[in-house]
Amino acid sequence: MADPQRPQKQGLLEKLFTSDAWRSVFRHGYADTPRNRVLQVSANVWLHLHPSKVRRHGVRYRHTWCAGGLTFLLYLVTVVTGVILMFYYRPTQEYAYLDIKDLDFQVPFGMLMRNMHRWAAHGMVIFIWLHMFRVFMTGSYKPPREFNWVVGVNLLVLTLLLSFTGYLLPWDQLSIWAVTVGTNMARATPLLGHEGPFGPELGVTPRYDVRALLLGGTMVGPPALMRFYVLHCIFIPIAASVLMILHFWRIRKDGGISGPL
Amino acid sequence: MAETALKADPPNQEQLKVDAGQRRAAADLKLPDKIHCWPYLVRAEFIAGCIMTIGLLVWSLVVDAPLEEPANPSKTPNPSKAPWYFLGLQEMLVYFDPWIAGVVLPGLIIAGLMVIPYVDINPNGNGYYTFRERPFAVSTFLFGFLVLWVGFIVLGVFFRGPGWNLFWPWEYWDPHKVVPMTNRDLPYLLGARGEAATFLIGMAAVGGWFAVGPLVWVWKRKKPFMQKLGLTRYTIVSFLYLCMLGTVVKIVLRLVFGVKYVWVWPNVFNI
Ligand code: HEM
């Protein structure tokens, strides 16, 4: 721990940090004392996701690989860049592709925003896998963290669905055929798909089965684009955010990062 | 220590600070080995976050997100690939009918992952890396995740070309590559020709495979470990385990022995 007795320079920064204005925002003191270290975390709405103290191994990269935190960071990047993309993108057959072209060639920093959105989304899929892998390898799903693992699996499903619904939005050849391949599998859902076991027997037809529910029709057309857009920009992000809040809350309530007992 | 702290804190906090310090010291005795989040954890996160942000920014400046021709429902590209993270499932379409590859297998994967904490009753290895204390759990997960999940994605991304045929990454993707379709159903290969015999042999093969679970229970149920595991957990674990291994068996049967289906129930399903 740093020595709080080390002489302090009364420089400009020092004046700033001890000024009334600064202290109106950050109520704790500036000096490096154990108490201020605690307040730095617990008096800060963002940082107080953390406990004020953690077990020593919890901060080691080789224990967590920071994979959960980086998954969250990448999620935040997609949220910010995604909102920017939404200013320019219209989810209709006429405009979707042209708006993406516009983003790529006309909008200032449009290409960069699109690239960051896309690569952060792919990165999120990779890092959520790394995170799951790490959590399994450290046996961190064991009591008392069973339920948080289940929350995590739901987050994994939502992350994949987020990526998948976003894949359709550029409305290019890559999009519609990837989504066609993906959603074709829903035709074969037992009982609920028109090509699935016992589907036709139950009166399920191409127009009225789970796939048609997802696509708003029998093929990947404009209604599917609108559905995927709403799922991608509103429904799934809200669901994922809610689960993330639960996930982080539970980490604290389950006693923080797991470790040898 | 009070000197510098006082300069920044209102003096009336002194007593509070002492109290808090004593409480913390008492807590520290019970839970040693704890360190402050600020700066230690926050710093670690900040560094990792900076590296990630810079890496992502540089990558995004250098590599553009793909954009192909406008969507054209009447022009099917060959091959049509799902997004890369689903290529493992698309690969399963080679070996299974869509209702298994696209619905049952993903459902089992999700459900299987979710039940892990409830069926793994081994208390060891909670919070640290170990193979020796939980060899079954770790090797099962490594196989399922690295080989079946990641492995098949790699296969789908780099080795599947037009017609969903296998190509080496450096090989030319010949859209006219012809692969003879010589796959036969398992009962046929075993010599069965009649409809009833074909059906029964197929059913016996699939049923026999899944009967391994109950049989092992009957055989080993007196073991202390099995007693502790209990019938419910055992049933779930053995069923999921047989499904996972069964997937591998079917893939090997297809690739090595040219088996198309094991059990055909006309107009209902094929496995
Ligand atoms: C959007 C996705 C996710 C986010 C943002 C996220 C975030 C986090 C963070 C920040 C932690 C703290 C420790 C660390 O960084 O490793 C954590 C812990 C944990 N996560 Fe996740 N996670 C996600 C998905 C998952 C998934 C898919 C699983 C499992 C299937 C999971 C299971 C857990 C468990 C059990 C812990 C406690 C680990 C411990 O105490 O060592 N999470 N998560």
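Procedures and definitions
- Residues numbered from 1 in each chain as written.
- Chains lettered and ligands numbered in written order.
- Predicted model: local features only at pLDDT ≥ 70, side-chain atom pairs only at ≥ 80, totals over all residues.
- Heavy atoms only, no water.
- Donors = N, O, S within 2.8 Å, 3.2 Å for Na, K, Ca; no water.
- Tetrahedral: all angles 85-135°; square planar, octahedral: opposite > 155°, others 65-115°.
- Helix = DSSP H or I, 4+ residues; strand = E, 2+ residues; numbered from the N terminus.
- Buried < 20%, exposed > 50% of the residue type's maximum accessible area, 1.4 Å probe, protein only.
- Near = heavy atom within 4 Å.
- Polar contact = N/O pair within 3.5 Å; in protein donor to acceptor, adjacent residues only side chain to side chain.
- Nonpolar A, V, L, I, M, F, W, Y, C, P; charged D, E, K, R; others polar.
- Disulfide = S-S within 2.5 Å.
- Expected span 1.5 Å × (residues − 1).
- Core = buried A, V, L, I, M, F, W, Y, C linked by side-chain atoms within 4.5 Å.
- Contact = heavy atoms within 4.5 Å.
- Domains from an automatic or database assignment.
- Buried area = accessible area lost by both parts, 1.4 Å probe.
- Salt bridge = Lys/Arg side-chain N within 4 Å of Asp/Glu carboxyl O.
- Pairing = 2+ DSSP bridges.
- Phe/Tyr/Trp six-rings, centres within 6.5 Å; stacked < 30°, edge-to-face > 60°.
- Lys NZ or Arg CZ within 6 Å of the ring centre and 35° of its normal.

A. Quick look at the coordination of the iron atom of the ligand. Residue and element names in this part refer to chain A. For the iron atom of the ligand, the protein coordination sphere consists of His 131 (NE2) and His 247 (NE2), at 2.0 to 2.1 Å. The site at the iron atom of the ligand holds six donor atoms, and with the angles between them running 85 to 179°, its shape is octahedral. With a gap of 116 residues between them, His 131 in helix 7 (residues 110–137) and His 247 in helix 11 (residues 222–253) connect regions that are remote in the sequence. A single burial state applies to His 131 and to His 247, both of which are buried.

B. Up close: the site of the ligand. All names here are of chain A. Within the structure, the ligand sits among 25 residues, and His 131, Arg 134, Gly 152, His 247 and Ser 258 are positioned closest to it. Here an oxygen atom of the ligand and a backbone polar atom of Gly 68 are 3.4 Å apart. In the model, a nitrogen atom of the ligand is placed 2.8 Å from a nitrogen or oxygen of the His 247 side chain. Contributing elements (two or more residues each) for the shell around the ligand: helix 5 (67–86), helix 7, helix 8 (146–168) and helix 11. With six residues, the top contributor of residues to the shell around the ligand is helix 7. A class-by-class count of the residues in the shell around the ligand yields 13 nonpolar, ten polar and two charged.

C. Geometry of the state of the cysteines. The final tally for this structure, using the stated rule, is zero disulfides over all chains. With no disulfide partner, Cys50(B) has as its closest neighbouring cysteine sulfur the one in Cys66(A), 11 Å distant.

D. Summary view of helix 7 of chain A. Residues and elements named next belong to chain A. Helix length check: helix 7 (28 residues) gives 40 Å between terminal C-alpha atoms against 40 Å at 1.5 Å per residue, within 8%. Most of helix 7 sits out of view: 26 of its 28 residues are buried. Phi turns positive one or two residues past the end of helix 7, at Gly 139, with a value near 60°.

E. Molecular detail of the nonpolar core. Within the largest apolar cluster, 73 residues are counted, with the highest numbers of intra-cluster contacts made by Trp129(A), Trp149(A) and Leu113(B). For this core, the element with the most residues is helix 7 of chain A, which contributes 15 residues. Not counting the four nearest positions on each side in its chain, Trp149(A) is found in contact with Met132(A), Val135(A), Phe136(A), Tyr141(A), Leu113(B), Met114(B), Ile116(B) and Pro117(B). Counting residues in each nonpolar core, the second largest holds 19 residues, with Phe96(B), Leu105(B), Val262(B) and Trp263(B) among its members.

F. Main features of the domain arrangement of chain B. All names here are of chain B. Parsing chain B into structural domains produces domain 1 (78–177) and domain 2 (180–271). Counting residues at the interface gives 20 residues for domain 1 and 21 residues for domain 2. For the pair domain 1 and domain 2, the summed buried area comes to about 1,800 Å², and 78% of that belongs to carbon and sulfur atoms. A per-residue breakdown of the area domain 1 buries against domain 2 is headed by Tyr 95, Val 119 and Ile 121, which together make up 32% of the total. Along the contact surface separating domain 1 from domain 2 lie zero salt bridges. Linking domain 1 with domain 2 are five residue pairs in polar contact (both at pLDDT 80 or more), by the criterion used here. Of all the secondary structure elements, the ones that give two or more residues to the side of domain 1 that touches domain 2 are helix 4 (87–95), helix 5 (98–119) and helix 6 (135–159). Among the elements that line the side of domain 1 that touches domain 2, the one with the most residues is helix 5, at eight residues. Grouping the constituent residues of the side of domain 1 that touches domain 2 by class yields 16 nonpolar, three polar and one charged.

G. Region of the structure containing the interface of chain B and chain A. Contact residues are listed per partner, giving 89 residues for chain B and 98 residues for chain A. Summing the contributions of chain B and of chain A, the shared interface buries around 8,600 Å²; its carbon and sulfur component is 70%. At the junction of chain B with chain A, the criterion picks out one salt bridge. Mapped onto the side of chain B that touches chain A, the elements with two or more residues apiece are helix 1 (2–8), helix 2 (14–30), strand 1 (34–36), helix 3 (37–62), helix 4, helix 5 and helix 6 of chain B. Take the side of chain B that touches chain A: its biggest share by element is 18 residues, from helix 3 of chain B. For the side of chain B that touches chain A, a count of residues per class yields 56 nonpolar, 18 polar and 15 charged. Here strand 1 (residues 53–55) of chain A pairs with strand 1 of chain B via three bridges, running antiparallel. Directly across from Lys53(A), in strand 1 of chain B, lies its bridge partner His36(B).

H. Structural context of the packing of aromatic side chains. Using the criterion set out here, one finds 33 aromatic pairs over all chains in the structure. Plain terms: the ring middles of Phe136(B) and Tyr241(B) are 5.3 Å apart, the flat faces sit at 40° to each other, and that makes the pair tilted. Within this pair, whereas Phe136(B) is found in helix 6, its partner Tyr241(B) is found in helix 9 (residues 224–257), the two being separated by 105 residues in sequence. Relative accessible area serves as the criterion here: at 30%, Tyr241(B) is assigned to the partly exposed category. Ring centres of Trp265(B) and Phe269(B) lie 5.4 Å apart, and the angle between their planes is 70°; this geometry places the pair in the edge-to-face category. The exposure class of Phe269(B) is buried, given its relative accessible area of 13%. Here Arg90(A) stacks its cationic end above the ring of Tyr95(A), 3.8 Å away from the centre of that ring. If you follow Arg134(B) out to its NZ or CZ, it ends over the ring of Phe136(A), 5.0 Å from the centre.

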